[in-house]
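# An overview of the molecular structure
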Amino acid sequence: MSQICDILNIICIFATMLVTTKSRIIESAIEVFNQDFSAPLQKVANNAKITRRTLHRYFKDREELVATCEREMEVSCKKAMIAAIKGSDVPLIQLENMLYAGIDCGAKYSFFYKLHQQDGHKHSKNNKDCADYDFIYNSFSNIVKELQKTGIINEQMTVQWIQNLHTGIINSTVNMNDTSKSSKSNIKNLAWNSFIKGIAP
């Protein structure tokens, strides 16, 4: 009985190591591809502190790794962004919630947008990922336009400009989170104040 327990413990430890390594590769890939989508897999392996050979034990090629990253973002980032939009009917609160959701998602937020905006991406309304992207982008666009009508956002700024600024604030905040001793809520408040003041009339 003791030997069986020992064997089961070893299996559990090994399984945990496999999951941890796979998760580290996915997080590393999102981080690397967010900075440079054309980056080689060796860079992903280096960032995850593993060998290229180890990476290929989990993912046969780049296409499979990117597809897994997309699924990971579907589980976390897209759900968070959609929940932020649906969490209120007040446009200003929706915009603020989207900023906070983007910060919580970290690099996944930027990578999600880059995947759908890159050259060669086959955008299809029948694809759930693409449909979710369209819903998030169109919602963001409608929120901005509504706030421009009420004079809260500068009417001369385009939606694309504001979205790029939104992404830039999120990226800066995520980077700040890595080094700052301030609480996450304080950093989020600073991010929101910087963003809303930057797009005010």
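Residues numbered from 1 in each chain as written. Predicted model: local features only at pLDDT ≥ 70, side-chain atom pairs only at ≥ 80, totals over all residues. Heavy atoms only, no water.

### Let's talk about the overall build of the protein chain
- Secondary structure summary: the protein chain contains nine helices and zero strands in total.
- Buried residues in the protein chain amount to 40% of all 201 residues.
- The contacts in the protein chain between residues at least 6 apart in sequence include a share of 64% that link residues at least 24 apart.
- Working note: accessible area of the protein chain is about 11,800 Å², and carbon and sulfur atoms make up 54% of it. (Helix = DSSP H or I, 4+ residues; strand = E, 2+ residues; numbered from the N terminus. Buried < 20%, exposed > 50% of the residue type's maximum accessible area, 1.4 Å probe, protein only. Contact = heavy atoms within 4.5 Å. Areas by Shrake-Rupley, 256 points an atom, 1.4 Å probe, with all protein chains shown as cover.)

### Thoughts on the side chain of Thr173
- For Thr173, the location among the structural elements is in helix 8 (residues 159-179).
- Here Thr173 falls in the buried class, since its relative accessible area comes to 6%.
- In contact with Thr173, other than residues within four places in its own chain, are Ile103, Ile187 and Ala191.

### Structural notes on the packing of aromatic side chains
- A full pass over the atoms with the stated rule returns three aromatic pairs.
- Taken together, a centroid distance of 6.2 Å and an interplanar angle of 15° make the contact between Tyr133 and Tyr137 stacked. A residue pair is termed a helical-turn pair when its members lie 3 or 4 positions apart in one helix, as Tyr133 and Tyr137 do in helix 7 (residues 128-149) at four residues.
- Taking the relative accessible area as the measure of exposure, Tyr133 reaches 9% and is therefore buried. (Phe/Tyr/Trp six-rings, centres within 6.5 Å; stacked < 30°, edge-to-face > 60°.)

### Topic: the nonpolar core
- Ranked by size, the top nonpolar core spans 52 residues in total, and within it Phe33, Val44, Leu65, Leu95, Met98, Ile162 and Ile199 carry the most contacts.
- Secondary structure elements with two or more residues in this core: helix 1 (2-35), helix 2 (41-48), helix 4 (62-86), helix 5 (91-105), helix 6 (107-117), helix 7, helix 8 and helix 9 (184-198).
- Here the element with the most residues in this core is helix 4; it accounts for nine residues. (Core = buried A, V, L, I, M, F, W, Y, C linked by side-chain atoms within 4.5 Å.)

### Side note on the packing of helix 5 against helix 7
- Where helix 5 meets helix 7, the closest approach of the two axes is 9 Å, and the angle between their N-to-C directions is 135°. In terms of orientation, helix 5 and helix 7 fall into the oblique class. Handedness of the helix 5/helix 7 crossing: left-handed. On helix 7, the residues that touch Pro91, Leu92, Gln94, Leu95 and Met98 of helix 5 are Ile136, Phe140, Ile143, Glu146 and Leu147.
- Of the residues contributing to the contact of helix 5 with helix 7, the split by class is eight nonpolar, one polar and one charged. (Axes fitted to C-alpha atoms, helices over the stretch in contact; angles between N-to-C directions. Parallel < 35°, antiparallel > 145°, perpendicular 65-115°, else oblique. Left-handed = near helix turned anticlockwise from the far one by under 90°. Nonpolar A, V, L, I, M, F, W, Y, C, P; charged D, E, K, R; others polar.)

### Looking at the state of the cysteines
- Under the criterion given, the structure shown has zero disulfides.
- Cysteine Cys105 shares no disulfide, and the gap to the nearest cysteine sulfur, in Cys77, comes to 3.3 Å. (Disulfide = S-S within 2.5 Å.)

### With respect to the pattern of salt bridges
- The final tally for this structure, using the stated rule, is two salt bridges.
- Between Lys78 and Asp132 there is a salt bridge, with its nearest N and O atoms 3.0 Å apart. With Lys78 in helix 4 and Asp132 in helix 7, this residue pair connects regions lying 54 residues apart in the sequence.
- Here Lys188 makes a salt bridge to Asp104, at a shortest N to O gap of 2.9 Å. Placement of Lys188 in helix 9 and of Asp104 in helix 5 is noted, with a sequence separation of 84 residues between them. (Salt bridge = Lys/Arg side-chain N within 4 Å of Asp/Glu carboxyl O.)

### Re helix 9
- In this model helix 9 runs 21 Å from its N-terminal to its C-terminal C-alpha over 15 residues, within 8% of the 21 Å that 1.5 Å per residue would give.
- Every buried residue of helix 9 is listed here: Ile187, Lys188, Ala191, Trp192, Phe195 and Ile196. Viewed end-on, helix 9 has its buried residues packed into an arc of 155°, placing them on one side of the element. For helix 9, the exposed residues lying more than 90 degrees away from the buried face are Leu190 and Lys197. (Expected span 1.5 Å × (residues − 1). Arc of directions from axis to C-beta.)

### Some details on the confidence of the model for the protein chain
- For the protein chain, the mean per-residue pLDDT works out to 83, and 84% of the residues sit at or above 70.
- Note on residues 11-19: pLDDT is under 50 here. Beyond four places in sequence and across chains, it has two contacts. (pLDDT = per-residue confidence, 0-100.)

### Thoughts on a nonpolar patch on the surface
- On the surface, a cluster of nonpolar side chains totalling about 270 Å² of accessible area is made up of Val90, Leu92, Ile93 and Ile152.
- You can see Ile152 is positioned in the loop between helix 7 and helix 8. (Patch = residues over 30% accessible without salt bridge, like charges linked within 9 Å, V, L, I, M, F, W, Y side chains within 5 Å.)

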